[in-house]
Amino acid sequence: MSGAVEAKLAELGLTLPEVVPPIATYQPAVRSGVYVYTAGQLPMVEGKLPVTGKVGGEVTPEEAKELARTCALNALAAVKSVIGDLDRIARVVKVVGFVASAPDFTGQPGVINGASELLGAVLGDKGVHARSAVGAAVLPLDAPVEVEIQVELVQD
């Protein structure tokens, strides 16, 4: 049974993926009170990274923006694994995006817009959030992008 959020995903032509299994010792998402915090989500698709490398080098900013979108979708799957129903999200509080960047690449905010725009499209006003977009020398598995989110839940 899916609620309004998953109906919106379907309307956008998206399917919530299976939760990406951890690649180290951590949980994909953890609930603390009325908040759920996700681990950094890589842009895994069916267990694989579709592309690797640095943004502004081997990966274009446009490709990276799409990968950030995939990260956000994976983050929503991780949240659902903890709360069962995405309609329990009151709002996305914070998004942190990491971009593996070529030395002269400074377009991290545009890349992480992929995640922010997906959350807005799926959750509407509940998807509006504070955000950081950070350049990094390298990310796990040579991923170009990694995104983590914090959501507040509707109080029962």
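The structure this text deals with has already been given above.
Residue numbers here run from 1 along each chain, matching the order of that chain's written sequence. Where totals are concerned, whole chains, interfaces and linings use all residues; where local detail is concerned, this predicted model gives features only for residues with pLDDT of at least 70, and gives and counts side-chain atom pairs only at 80 or more. Heavy atoms from the whole structure form the basis of all side-chain values; hydrogens and water molecules are not counted.

### Re the overall build of the chain
Counted only if it meets this: Only DSSP runs of H or I reaching four residues or more are called helices, and only runs of E reaching two or more are called strands; each is numbered from the N terminus. Atoms considered for the radius of gyration are the C-alpha atoms alone. The globule rule reads 2.2 Å times the number of residues to the power 0.38. The cut-offs for exposure are 20% and 50% of the maximum accessible area for each residue type, with area from a 1.4 Å probe on protein chains only; residues under the lower value are buried, those over the upper are exposed, and the others partly exposed. Should any heavy atoms of two residues lie within 4.5 Å, those residues are considered in contact. Under the convention used here, a 1.4 Å probe and the Shrake-Rupley method define accessible areas, while residue burial counts only the protein chains that appear. The convention is simple: Lys and Arg are positive, Asp and Glu are negative, and His and the chain ends are not counted. By convention, the point assigned to a charge is CZ for Arg, NZ for Lys, CD for Glu and CG for Asp.
Assigned secondary structure in the chain consists of three helices and five strands. Ordering the α and β elements of the chain from the N terminus gives α-β-β-α-β-α-β-β. For the chain, the C-alpha radius of gyration of 15 Å lies close to 15 Å, the compact-globule estimate for 156 residues. C-alpha atoms of the chain, sized along the principal axes, occupy 45 × 30 × 25 Å. Counting across all 156 residues of the chain, residues that qualify as buried make up 43%. Pairs at least 24 apart in sequence give 81% of the contacts found in the chain among residues at least 6 apart. When the accessible surface of the chain is totalled, it reaches about 7600 Å², and 53% of it is carbon and sulfur. Taking the average location of the 12 positive side-chain charges in the chain and that of its 18 negative ones, the two points are 5 Å from each other.

### Regarding the pattern of salt bridges
Cut-off, in case you're wondering: Take a side-chain nitrogen of Lys or Arg and a carboxyl oxygen of Asp or Glu: if they are within 4 Å of each other, that pair is a salt bridge.
All told, the structure shown has four salt bridges when counted by the stated rule. K54 serves as the salt-bridge partner of D142, at 3.4 Å between the closest nitrogen and oxygen. Of this pair, D142 sits in the loop between β4 (130-136) and β5 (145-153) while K54 sits in the loop between β2 (35-38) and α2 (61-83), placing them 88 residues apart in sequence. In this structure D142 comes out as partly exposed when scored by relative accessible area, which is 30%. Linking K65 and E117 is a salt bridge whose minimum nitrogen-to-oxygen distance equals 3.2 Å. In this pair, K65 sits in helix α2 while E117 sits in helix α3 (residues 108-123), placing the two residues 52 residues apart along the sequence.

### Some points on the packing of aromatic side chains
Here is the rule: Side-chain rings of Phe, Tyr and Trp (the six-membered ring for Trp) are treated as a pair once their centres are within 6.5 Å; stacked means planes under 30 degrees apart, edge-to-face means over 60, and tilted covers the remaining angles.
Counted under the stated rule, the structure contains one aromatic pair. Residues Y35 and Y37 carry aromatic rings whose centres are separated by 6.4 Å and whose planes lie at 45° to one another, so their mutual orientation is tilted.

### Points about the packing of helix α1 (residues 4-11) against α3
Put simply, the rule reads: Interaxial angle, 0 to 180 degrees, is taken between N-to-C directions of lines fitted to C-alpha atoms, where a helix line uses only the stretch in contact. Classification used: nonpolar for Ala, Val, Leu, Ile, Met, Phe, Trp, Tyr, Cys and Pro, charged for Asp, Glu, Lys and Arg, polar for all others including Gly.
The contact between α1 and α3 brings their axes to 8 Å, and the two run at 115°. For the pair α1 and α3, contact is made by V5, K8 and L9 and by A121, V122 and L123, respectively. Looking at side-chain class alone, the contact of α1 with α3 contains five nonpolar, no polar and one charged residues.

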